[in-house]
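Summary of structural features
Below, each chain spelled out in residue letters.
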Protein chains: 2
Amino acid sequence: MLKKIIFGNPFETEAVVQKIPDSQTLKDLSEIKNAFSKGGILASAFPGIDITKLEPEETVLSIPLSKEDMIFGLGEAMGSINKRGRVYEMWCSDDPNHTEDKKALYGAHPFFIVYSPERRVQAAFFIDFPGKIIIDAGFTSRDVLEIKVQNNNFNLYYINTENLEIKETVQTFRKLIGESYVPPFWAYGYMQSRWGYGTQKDLETVYEEHTKRGIPLDAIFLDIDYMKNFRDFTVDPEKFSDFSGCVSALKKKNIHIVPIIDAGIKADEEKDDVCVDGVKKDMFCKKADGSLFKAGVWPGLSVFTDYLNPDARKWFGNYYSRLTDAGIDGFWNDMNEPALFFTPEGINRVKAEVEKTFSGDLKEFTSMWGVKEAVLHVQNSMDDYKSFYHKVPAELAGDLKEKTIEENGKEYALVRHDKVHNLYGASMTRAASDFFKNNVKDRKILLFSRASFIGSHRYGGIWTGDNASWWSHILLCLKQLPSLNMCGYLYTGCDTGGFGGNVNRELLMRFISLSVFTPLFRNHSAAGTREQEVYRFEDADDFKALISFRYRIIPYLSKEFEKCAVDGTMLFRPLAFDYLEDEIASGIEDQLMFGSSLMIAPVYTENARGRAVYIPETMEEIRCTKENGLISGSPLKRTLEKGMHYISCAPDEIVFFKKAGEKLMVSKSALNTSELDLEHLEQW
Amino acid sequence: MLKKIIFGNPFETEAVVQKIPDSQTLKDLSEIKNAFSKGGILASAFPGIDITKLEPEETVLSIPLSKEDMIFGLGEAMGSINKRGRVYEMWCSDDPNHTEDKKALYGAHPFFIVYSPERRVQAAFFIDFPGKIIIDAGFTSRDVLEIKVQNNNFNLYYINTENLEIKETVQTFRKLIGESYVPPFWAYGYMQSRWGYGTQKDLETVYEEHTKRGIPLDAIFLDIDYMKNFRDFTVDPEKFSDFSGCVSALKKKNIHIVPIIDAGIKADEEKDDVCVDGVKKDMFCKKADGSLFKAGVWPGLSVFTDYLNPDARKWFGNYYSRLTDAGIDGFWNDMNEPALFFTPEGINRVKAEVEKTFSGDLKEFTSMWGVKEAVLHVQNSMDDYKSFYHKVPAELAGDLKEKTIEENGKEYALVRHDKVHNLYGASMTRAASDFFKNNVKDRKILLFSRASFIGSHRYGGIWTGDNASWWSHILLCLKQLPSLNMCGYLYTGCDTGGFGGNVNRELLMRFISLSVFTPLFRNHSAAGTREQEVYRFEDADDFKALISFRYRIIPYLSKEFEKCAVDGTMLFRPLAFDYLEDEIASGIEDQLMFGSSLMIAPVYTENARGRAVYIPETMEEIRCTKENGLISGSPLKRTLEKGMHYISCAPDEIVFFKKAGEKLMVSKSALNTSELDLEHLEQW
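None of the values given here were measured: they were computed from a predicted structure.

The rules we used
Residues numbered from 1 in each chain as written. Chains lettered and ligands numbered in written order. Predicted model: local features only at pLDDT ≥ 70, side-chain atom pairs only at ≥ 80, totals over all residues. Heavy atoms only, no water. Contact = heavy atoms within 4.5 Å. Buried area = accessible area lost by both parts, 1.4 Å probe. Salt bridge = Lys/Arg side-chain N within 4 Å of Asp/Glu carboxyl O. Polar contact = N/O pair within 3.5 Å; in protein donor to acceptor, adjacent residues only side chain to side chain. Helix = DSSP H or I, 4+ residues; strand = E, 2+ residues; numbered from the N terminus. Least-squares fit on C-alpha atoms with pLDDT ≥ 70 in both. Pairing = 2+ DSSP bridges. Axes fitted to C-alpha atoms, helices over the stretch in contact; angles between N-to-C directions. Core = buried A, V, L, I, M, F, W, Y, C linked by side-chain atoms within 4.5 Å. Buried < 20%, exposed > 50% of the residue type's maximum accessible area, 1.4 Å probe, protein only. Left-handed = near helix turned anticlockwise from the far one by under 90°. Arc of directions from axis to C-beta. pLDDT = per-residue confidence, 0-100. Phe/Tyr/Trp six-rings, centres within 6.5 Å; stacked < 30°, edge-to-face > 60°. Lys NZ or Arg CZ within 6 Å of the ring centre and 35° of its normal.

Now for the interface of chain B and chain A. Contacts between the two partners involve 63 residues from chain B, matched on the other side by 63 residues from chain A. Together, the buried faces of chain B and chain A total about 5700 Å²; carbon and sulfur atoms form 58% of this surface. For the interface between chain B and chain A, the tally reads six salt bridges. In this structure, Arg609 of chain A and Glu68 of chain B form a salt bridge, with 4.0 Å as the shortest nitrogen-oxygen distance. Applying the counting rule to chain B against chain A returns 30 residue pairs in polar contact (both at pLDDT 80 or more). Secondary-structure elements contributing two or more residues to the side of chain B that touches chain A are β19 (300-304), α8 (344-358), α9 (369-376) and β36 (643-648) of chain B.

Put into structure tokens, the structure is as follows:
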């Protein structure tokens, strides 16, 4: 049973593609109360559900939890696979410090399933609202799941599925939101990136250092450094004397160059042609007084395309042609939460605090607190997010609009950014995707984004943002994968090796040993951190072996991926979804089912020689070593019975598990996806 | 073989209590080079060791590592039990954000053991130097352990132990540094603390809320709030109309009140009698120009007792009488790294940066970086640590002295703080300990500290500082315990439930399930975080049961503790120390041997129903539930054979393991240590 319940007059996010005939609009308080009272649409299916607050700025839904109830979903959130016990905020956030207490990351994915093993029922909820939602999943009160929507106007999609498996509930949701983006085949290859690669020479060096060691490679990424002063849709001619020549020379070697595109456009109304044109055509977000909203990001003070406006999406998307015309066939969209380093208004707030502080006697323990707070909050400030507006077709805005205006005979609504914040990055990805779909016919384009909202899985993938070279971030990625898959993000993965901080050799190897299984497999790191290309470390042969394994498994990975994209199924599943009745399996948080036949259990602790692995049914252990299976030949195999096992796994081995009787078809390894022989597969 | 090698003319830290006849002084470069060359004192025992840099500000020792070599020790450092693969800084640091990449916490413990399973040798090193030491344990180069001492004058103690077990090497070291502090018996009880308890009413409430629910309790802590304006050795009369009356009334109920003492003294040369007297007697640290060094901490601008000066230690120690005279029998010394919120000089650095920034056009992405950096670095700045001096008896200072002065016929040396930084907190603890030893004869005093250096384990315990309500910090504490024990800290534990951030019920229960085994068992949390007393959460009976178990095991805990303190053995040992030949056991990082007979393996992940546990030899599983063993009665027992097992463990259970054939004697549970019946123990 899939129902749509319309609270008030919602903003149309276009997250959903399926028409729901069985919908119910709740316009006033009494209707809403009724829906939750005995016999109401929600209460009948999930007893105890209630609405506990309905005030202009907040609607609170409360769902009672039994002791053993589990919660799955929420996409890119921190925390465990079972989301119970924490508070989550749906709010696209640029925060590179992914400590375990963070409530929000880059994507906002308000879809989750409550499963009650005691009552054998499950219910799935998608809160289709683009502003902030706070989900207290049994944190404050152990037995209550509380959903706080910061508005009264939103769509609630509700799947009540007494007779479905959790996997089927996911499929029902995925059907609702449409098929997942599928990347070009080469994007399953190994990709090397670093904030810092800025010149033709950098690209050539990266290519050569891999190739001369026999390390496979399919793509090299360009971070902001390739641009002229970090301006979108420019290439610095001092760094690239012939950009398209360089791109095509590398493409002849089957190396794809993937540049970054940032959300902000340099605020230069004299010399930046994109800015000039956008101002002329009214494509940028504005403040209440009608002036341009400006904030400091990489190019300096910048303006922000109003991606929520279809005209602006089309206008912005067209600029990608400057790079596709140069032969580019892959992009990553970044800084699109949007990240704001500061605004002039924010700096004024700091100035005021500084003046206040420095006029005092500076003798109290609190003396520097105000300044510190002001300085730390100048970045990504809610004050700034509340200070600008989107101009959207009036029919989309619902009651979220501030006012309506007429332009060229069309009615537009002005909507304050914070109310639709979570759609911003998703709409930027959509702008690019629409352009590629309509204008680039000769090739499939790789596209992934940092920010996202439910629905943007149709336009591109996402990566999990600015993680760190922390051991705990291997496990974080593992836990994010199934939740992201539930929300349709199949082309995803983390920055292998960690973006921030300094990696060591072993940590990079263990990161890779998870990433060989993730569709997006990119080694990426921040400027100022230790150089992280695999050839910077001792014994490059070990890395060659691990990455070669990736290419052997691409036939399985790509085939399973493409099936999942169409079927709405998950490439990575918690063991709970496949072995729900198994008390141990359903609580496992550090292993995943991978495709239809396999299970992975990577090592994520330092100096480890192996780890404990739970085998939920008779399986084959497949052990690939440098001699057996990673690069060539067959792996070592043995059968493991159901139960907890210690599985040794050195950093230069990859060990995974296959359900008994299933066939795994692998290819010979290759230095590039273009060289993979998909015709002659080997059975493991 | 224990050797002392004297590099140059070191500062006498008094970390070591044992006289080493077999010592060798290396005065000049050629002598030092010889010690490392073939046939030299170090090279003969540990081939390949070398000195790679010897410059005035740095001595670099380099030790080659084989692939499987393990490194143990380093006390309170972050990271795993096997310390290999990271960089550590020996630098007492007030940093409450214990992410896994932090190089230094509150204590500095430059003792470590290198064990080579391949070559079957081990070597232990204690770098007795009170300034900064950087230890790169195979991070930069996988196969090199590099020790960078930021000076040329230090003592190196070296234990080469081909024929000893690792445990025996630890004992050799512990004999060198003297017996561990043993707390009063009541300090093995459950203790409740919170930054915020400030009044008599607070204490009474905490007592009553525990007692009425039958939750055992032995002590309540006072954080800075009990003082008058945060001034050491004061009690705010508005909060306590009769402090000693309150203390004695609670002591009649066997509740001990444990106040905090901070390192800084309010810089108030007119009205603060401690400050006035200290200035008169020259007891505070001074800057190069002879003026008082002042920095902002809790009381506002403060001065800092020169604890490295024996006269100042004695002077400061005497002030504890103001509280011991009021009946107090426990203290915690805090902020003694020393933590510095800011100095007037530091604020001037911020001002300069602010002026520079705000005179610019603020249009670049870097516009706010300088201000942010300046503001963040105003706290605990190296510039400030380099700006003040200690006055120590000249014979202690070695070549670390800046200059010598004569006062009252005695020669003193002035030593810049950063060169002896790591001794500061340790010396504060020593000041208190010396006072109690010499002046409080009627009772044993509980004493523990935040900052520490090797040797201060003789004066008191330490807690592991400002951790957070993070799941990973349960495991962090577990990993710190054996390393702290190696350095003599037996009376130790973490802030149960986490100091910073917000706990939930389950996390608090799992924290408690580790802390029931740690000698220091204190629930403590920061102001502004969620209230963390166990009675704030649903079903207090569950907490009552877990804490009651603690009291049942105190006979074992206290007996084993006191044996370890005298014998120089470890209460908590890595499995590697007991089962070195077992490939699996020696790599286990989430279980510990506890005393002579037991093994613990607490659950440290959320929503878990149990965990994998490696049983290294035939053991009995002892399962205590609310009905069986936690409060009364006998636990459920079964025998487990060597191997990896899944062990279920609900949050309201405690499961641990006992070597087959060993006897575990437990008592009946009690509401207070004073009520424990130690005469009639029960055998489990």
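Taken together, a rotation about one axis and a shift along it account for how the two chain copies relate. Turning chain B through 180° and shifting it by 0.0 Å along the axis lays it on chain A, with an RMSD of 0.0 Å. The transformation just described matches what one would write down for a two-fold rotation axis. The residues that chain B uses at the interface reappear at the interface of chain A in 100% of cases, marking a shared surface.

A few words now on the sheet that holds strand β10 (residues 133-137) of chain A. Residue and element names in this part refer to chain A. Spatially, β3-β4-β11-β10-β6 is the arrangement adopted by the five strands of the open sheet, whose pairing is antiparallel. The open sheet has two free edges, formed respectively by β3 (50-55) and β6 (87-90), since each of these has just one partner strand. For this sheet the average axis-to-axis angle between neighbouring strands, irrespective of direction, equals 15°. Relative to strand β11 (residues 144-149), strand β4 (residues 58-64) runs antiparallel, the two sharing six bridges. Looking at β11, one finds that Thr59 is bridged to Val149.

Here the focus is the nonpolar core. Phe656 of chain A together with Phe656 of chain B are the most contacted members of the largest nonpolar core, which totals 431 residues. Among residues more than four places away in sequence, those in contact with Phe656 of chain A are Phe517, Phe549, Ile553, Leu598, Met599, Ile600, Glu620, Glu621, Ile622, Cys624, Leu664 and Trp684 of chain A.

Geometrically, a packed helix pair is captured by the angle between its two axes and the distance between the axes. All names here are of chain A. Contact pair helix α6 (residues 310-318) / helix α13 (residues 424-439): the axes reach a minimum separation of 8 Å and the direction vectors enclose 65°. Where α6 crosses over α13, the handedness of that crossing is right-handed. For the pair formed by α6 and α13, the contact residues are Arg313, Phe316, Gly317 and Asn318 on the first element and Ser427, Met428, Arg430, Ala431, Asp434, Phe435 and Asn439 on the second.

All of the buried residues in helix α9 (residues 369-376) of chain A are Val371, Ala374 and Val375 of chain A. Take α9 of chain A and look down its axis: the buried residues cluster within an arc of 95°, on one side only. Elements in contact with the buried residues of α9 of chain A: α8 (344-358) of chain A together with α9 of chain B.

Residue and element names in this part refer to chain B. The antiparallel open sheet is built from three strands, whose spatial order is β16-β19-β18. The sheet is open, and its two edges are formed by β16 (264-266) and β18 (294-297), each paired on a single side. For this sheet, the mean inter-axis angle between neighbouring strands, taken without regard to orientation, is 55°. The pairing of β16 with β19 spans three bridges and is classified as antiparallel. By the bridge assignment, Gly264 is partnered in β19 with Phe304.

Here the focus is the side chain of Asn467 of chain B. Relative to the helices and strands, Asn467 of chain B is located in the loop between β26 (461-463) and α14 (472-486). Excluding residues within four positions of it along the chain, Asn467 of chain B makes contact with His98, His473, Cys494, Asp495, Gly498, Phe499, Gly500 and Phe511 of chain B.

A word on the pattern of salt bridges. Under the criterion given, the structure shown has 98 salt bridges over all chains. The partner of Arg142 of chain A in a salt bridge is Asp539 of chain B, and the shortest N-O contact between them spans 3.2 Å. Pair noted here: Arg142 of chain A is in the loop between β10 and β11 and Asp539 of chain B is in the loop between β29 (522-523) and α16 (540-567), and the two residues belong to different chains. Residue class for Asp539 of chain B comes out partly exposed when judged on its relative accessible area of 44%. A salt bridge links Arg231 of chain A to Asp268 of chain A; its shortest N-O distance comes to 3.1 Å. Here Arg231 of chain A is found in the loop between β14 (219-222) and α4 (243-252), whereas its partner Asp268 of chain A is found in the loop between β16 (264-266) and α5 (273-281), with 37 residues between them in sequence. Look at Asp268 of chain A and you get buried, because its relative accessible area is 12%.

Residues and elements named next belong to chain A. By the element assignment, Leu580 lies in the loop between α17 (575-578) and β31 (592-594). It is 16 Å that separates the C-alpha atoms of Leu580 and Asp590, two residues lying 10 residues apart in sequence. Beyond its immediate sequence surroundings of up to four residues, Leu580 is in contact with Tyr115, Ile166, Leu575 and Ser586.

Right, let's talk about the confidence of the model for chain A for a bit. On average, residues of chain A carry a pLDDT of 96, and 99% of them reach 70 or more. Scored as a whole, the predicted complex attains pTM 0.98, and scored at its interfaces, ipTM 0.97.

The next point concerns the packing of aromatic side chains. Summed over the entire model, instances satisfying the criterion amount to 97 aromatic pairs over all chains. Taken together, a centroid distance of 4.0 Å and an interplanar angle of 20° make the contact between Phe293 of chain A and Phe388 of chain A stacked. Residue Phe293 of chain A is found in the loop between β17 (286-287) and β18 (294-297), and its partner Phe388 of chain A is found in strand β21 (residues 388-393); the two are separated by 95 residues along the sequence. When its relative accessible area of 0% is taken as the criterion, Phe293 of chain A is described as buried. When the ring of Phe72 of chain B is compared with that of Phe577 of chain B, the centres are 5.0 Å apart and the planes differ by 85°; the resulting orientation is edge-to-face. With a gap of 505 residues between them, Phe72 of chain B in strand β5 (residues 70-73) and Phe577 of chain B in helix α17 (residues 575-578) connect regions that are remote in the sequence. Each member of the pair, Phe72 of chain B as well as Phe577 of chain B, is classed as buried. Among the aromatic residues, those joined into a ring-pair cluster are Phe233, Phe284, Tyr307, Trp315, Phe316, Tyr319, Tyr320, Phe331, Tyr424, Phe435 and Phe436 of chain A. Directly above the aromatic system of Phe221 of chain B lies the positively charged group of Arg522 of chain B, at a separation of 4.9 Å from the ring centroid. A cation over an aromatic ring shows up here: Arg522 of chain B above the ring of Trp332 of chain B, its NZ or CZ 4.3 Å from the ring centre.

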